[in-house]
Amino acid sequence: MEDRTPSQTPSSQSEPPASGRPGAGGGLGRRQFVTGAIAAAGAVAAAGALGSGVAQAAVPAARRAPRTGRAAAGRRVAIFGGGMGGLSTAHELAERGFQVTVYERKAWGGKCRSMPVPNTASGGRQDLPAEHGFRFFPGFYQNLPDTMSRIPLPGGGKAFDNLVAGDQVAAFYKGTKFTLPAKGSIIGTLSPDSLLAFLQTALNVAGAVPVVEVGYFLQKMIAFVTSGPKRRYQQWENMSFSQFVHAEKMSKAYNELLVEMFTGTLVAAKPDKANAHTMGLMAEAWVYSTLGLGGYKAPDRLLNAPTNEALIDPWVAYLKSLGVTFQSDATLTRLDVQDKKISGAQVTGASGTSTVDADYYVLAVPVERAVPLLNDQILAVDPSLKSLRELTTDWMNGIMIYLRQPIDLAKGHVAYAGQPWALTSISQAQFWKKKFGTTYGNGQVNECLSIDLSAWDKPGILYGKAAKDCTSDQIFKEVVAQLRRALPWNGIILQDANIHSYFIDPAITGNGTPQVANDEPLLINRPSSWNYRPEAATALPNLFLASDYVRADINLATMEGANEAGRKAANAILDASGADGTPAKLFKLYQPNEFKGFFDDDDRRFDRGEANFFDLYDPAKP
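Basis of the calculations
Position numbers for residues count from 1 along each chain, tracking the sequence in the order it is written. Residues qualify for local features only when their pLDDT is at least 70, as the model is predicted, and side-chain atom pairs are given and counted only at 80 or more; totals for whole chains, interfaces and linings, by contrast, use all residues. Neither water nor hydrogens contribute to the side-chain values; these are computed over all heavy atoms in the structure. A pair of strands is considered paired only if DSSP assigns at least 2 bridges between the two. For helices the rule is a DSSP run of H or I covering at least 4 residues; for strands it is a run of E covering at least 2, with both sets numbered from the N terminus onward. For helices, the axis comes from a line fit to the C-alpha atoms of the stretch in contact; other axes are also lines fit to C-alpha atoms, and the angle between any two N-to-C directions lies between 0 and 180 degrees. The contact criterion used throughout is that any non-hydrogen atoms of two residues lie within 4.5 Å. Three exposure classes are used, based on accessible area relative to the maximum for each residue type with a 1.4 Å probe and protein chains only: buried under 20%, partly exposed in between, and exposed over 50%. Here a salt bridge means any side-chain nitrogen of Lys or Arg lying within 4 Å of a carboxyl oxygen belonging to Asp or Glu. By the definition used in this description, the sense in which the near helix is turned from the far one sets the handedness, with an anticlockwise turn below a right angle giving left-handed and a clockwise turn giving right-handed. Note that Gly is not counted as nonpolar here; it falls among the polar residues with everything else outside the nonpolar set of Ala, Val, Leu, Ile, Met, Phe, Trp, Tyr, Cys and Pro and the charged set of Asp, Glu, Lys and Arg. Residue-level confidence of the predictor is summarised by pLDDT, bounded by 0 at the bottom and 100 at the top. Just so you know how the angles are binned, under 35 degrees is roughly parallel, over 145 roughly antiparallel, 65 to 115 roughly perpendicular, and the rest oblique.

S.K.: Describe the sheet that holds strand β9 (residues 325-327), and please don't skip the residues or the numbers.
M.R.: Within the open sheet, the five strands sit side by side as β9-β2-β1-β13-β23. Their pairing is parallel. With partners counted over all chains shown, the strands left at the sheet margins are β9 and β23 (543-545), one partner each. Sheet twist, expressed as the average angle between the axes of neighbouring strands with direction ignored, equals 20 degrees. Note: strand β1 (residues 76-80) against strand β2 (residues 99-103), five bridges, orientation parallel. Within β2, the residue paired with Ile79 across the bridge is Val102. The strands that helix α16 (residues 559-577) touches are β1, β13 (360-363) and β23; relative to β23, the one it contacts most, it runs at about 160 degrees.

S.K.: Can you explain the environment of Arg526? Please cite residues and give values.
M.R.: As for its placement among the helices and strands, Arg526 is situated in the loop between β22 (522-524) and β23. Residue classification places Arg526 among the partly exposed residues on the basis of a relative accessible area of 34%. Residues Arg526 and Met239, spaced 287 residues apart in sequence, show a C-alpha to C-alpha distance of 8.3 Å. When near neighbours in sequence (up to four residues on either side) are disregarded, Arg526 contacts Glu237, Lys273, Asn275 and Thr392.

S.K.: So what about the side chain of Asn612? Which residues, and what values?
M.R.: Relative to the helices and strands, Asn612 is located in the segment after α17 (596-607). We classify Asn612 as buried; its relative accessible area is 2%. With near-sequence residues (within four places) excluded, Asn612 lies in contact with Ala223, Thr226, Ser227, Arg231, Asp602 and Arg605.

S.K.: I'd like to hear about the sheet that holds strand β17 (residues 423-427), residue by residue, with values.
M.R.: Taken together, the seven strands give an open sheet; going across it, the order is β7-β6-β16-β17-β18-β15-β19, and neighbouring strands pair in mixed fashion. Bordering the open sheet on either side are β7 (176-181) and β19 (499-504), each of which pairs with just one other strand. Between one strand axis and the next, the sheet turns by 25 degrees as a mean value, whatever way the strands run. Together, β6 (168-173), β7, β15 (397-403), β16 (414-416), β17, β18 (447-453) and β19 form the strand contacts of helix α15 (residues 472-486), whose direction differs from that of β19 by roughly 120 degrees.

S.K.: Please provide a residue-by-residue account of the pattern of salt bridges, values included.
M.R.: Under the counting rule described, the total for this entry stands at 29 salt bridges. As a salt-bridge pair, Lys588 and Asp553 come within 3.3 Å of each other at their nearest N and O atoms. Taken as a pair, Lys588 in the loop between α16 and α17 and Asp553 in the loop between β23 and α16 lie far apart in primary sequence, 35 residues in all. Residues Glu610 and Arg605 are paired through a salt bridge, measuring 3.7 Å at the closest nitrogen-oxygen approach. The network of salt bridges with shared partners includes Glu92, Glu95, Arg96, Asp146, Arg150 and Arg567.

S.K.: How would you explain the packing of helix α3 (residues 84-94) against helix α11 (residues 307-321) if you had to name every residue and give the values?
M.R.: One can describe the packing of α3 onto α11 by two numbers: an axis separation of 10 Å at closest approach and a directional angle of 35 degrees. The hand of the α3/α11 crossing is left-handed. Across the interface between the two elements, Met84, Leu87, Ser88, Ala90 and His91 of α3 pack against Leu311, Trp315, Tyr318 and Leu319 of α11. Here the contact of α3 with α11 is composed, by residue class, of seven nonpolar, two polar and no charged.

S.K.: Help me get a handle on the confidence of the model for the chain, residues and values and all.
M.R.: Averaged over every residue, the pLDDT of the chain is 87; residues scoring 70 or more account for 86%. Note on residues 1-21: pLDDT under 50 across the span, and 50 contacts to partners over four residues away in sequence or across chains.

S.K.: Please set out the environment of Pro299 residue by residue, giving values where relevant.
M.R.: With respect to the helices and strands, the residue Pro299 is situated in the loop between α10 (276-290) and β8 (301-303). Residue Pro299 is classed as buried on the basis of its relative accessible area, which comes to 1%. Pro299 sits 130 residues away from Val169 along the chain, and the two C-alpha atoms are 8.9 Å apart. Ignoring anything within four residues of it in the chain, the contact list for Pro299 reads Phe136, Phe137, Pro138, Gly139, Pro181, Ala182, Trp286, Ser289 and Thr290.

S.K.: Outline the pairing of β7, supporting the account with residue identities and numerical values.
M.R.: Inspection of the sheet shows β6 paired to β7 by six bridges, in the antiparallel sense. In the strand pairing of β7, Ala171 is matched with Phe178. Between β6 and β7, which pair antiparallel one after the other, the connecting turn spans two residues, and Lys174 there sits at a positive phi close to 55 degrees.

S.K.: Requested: an account of the packing of α3 against α16, with residues and values cited.
M.R.: Running from N to C, α3 and α16 cross one another at 40 degrees; their axes reach a closest spacing of 7 Å. Between α3 and α16, the interaxial angle falls into the category oblique. Both α3 and α16 take part in a crossing whose hand is right-handed. The residues of α16 that touch α3, namely those facing Met84, Gly85, Ser88, Thr89, Glu92 and Leu93, are Met559, Ala562, Asn563, Gly566, Arg567, Ala569, Ala570 and Ile573.

S.K.: Outline unusual backbone geometry, listing residues and values.
M.R.: Of note, the phi angle at Asn119 is positive, near 60 degrees, even though the residue is not glycine. Structurally, the position occupied by Asn119 is in the loop between β3 (114-116) and β4 (129-131). On the accessibility criterion, Asn119 (78% relative accessible area) is exposed. Although it is not a glycine, Asp339 adopts a positive phi angle of roughly 55 degrees. Given a relative accessible area of 67%, Asp339 falls into the exposed group.

As structure tokens, then:
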């Protein structure tokens, strides 16, 4: 079987262009490029952030023991975890005739699910909808949309049909609104200079950030765009995004409007914790989806209904129709090992403890739950799995603010730049196919402002306390105050009279007490984290991994990454079983052929210990 994992893609090496400069088709000189960047800086501050990545090509080998060849075996598969990774694995295997059982401790869909707010319905309506965090399906997601295109809906159509596009992504900063385009175009051939020309007109933030600093930021972004895979995985991977753009030496506006807004908008991450490599990949992919390149769709997409209604419930129903068995209230508590393979598993629920016997076992739980399950016997067979202990998580959870009437913020996702709790939101009612007020709640609510709170450890502006230290009511009041500080007219568009109620993700418990805890944190792509992430197959011939910490081409803990991990686990089981069947397709991030010369040249420069060709100011050498 063909191994389609990114870690096996060879590095390409080619001769330098005849011009003596990296790139092809004319190219441009470094001084010429930077002069143009500085001159245009006033018009490209926030947009410059979008050109900061390169889709991955060559990837370092995975840290796991080699696997043996194919061997005939049974088709019984036990999947522990009913989130995105587990459901994706079950989907691919069930369609290929495997006997699959999925065990889930909490709720189908995991962190991807939506949930009802208890006791909020009346008059035949449904309870108000809530979620762990709002759903976001960027145009560069490919694996998950492919899965959605194979999930039938009641009454016809596919789950993919429930995706709708937003017209813009917006940011509010000190009362001013900035927008990122949903569509764009490149004049001429795609190149660093044509990409710069596009970014120059993508968004006008003149005067918000000092022009010299904007030029500096833009120059760093283009250096990233033209970096080869060796530099990305061996240099940018090992530094934070803040270090990459030298946030520490720049103005407050530079940090708030460019650095923090950029990371918060794309991945709801903290720039001092997220690595530069991951941020670059996401930024480049966003730009290419905006430009309609690589087969990408509209950059900002979301669902037209609560996630369970639009995706999770139809998915579970479809898998059941394929013969998949679902067992809820089933927490995996032990994996047993005999003869260097998994011999059985133990699950525990309200009814007691039971033993699971299968041919293949898939660990599809998040990393903080996987690590305690990897006992000494498992680690003795596959010592590389010890590296999972080096991965870290952080809090990123949602708060829903229910409004009596919608407010006009943006027809897409919104970031609130410069606010300490790194808030992002989506106004959901404008995208949902059913009228909100007649479908949900008591008839008084006509909008859900679904907000992600990504910085739970920074002091707020009302109480001077981190969100982790606040009561639920203090969190709500603090979030409202920060929104108002970012919005125009001192937040007059978000009036007290318009706020009906709020709901905080119930994964956060013990609010305002020393026992505060988060049952569903998020994996963070910290510097060097790629080196600690495993592939889906382990050295144990019947144990596989299918969660967002598995190495994935998208290189970010997302629904897309977990879906890709599920596909890789299914392919590894297909391979190990010796069963006939076409492997699940693994989609890769788009990489433009026009930039191949830049990538190849940069690999050679990296080998010589030199900085990237375009990295002129404070150049970072290997």
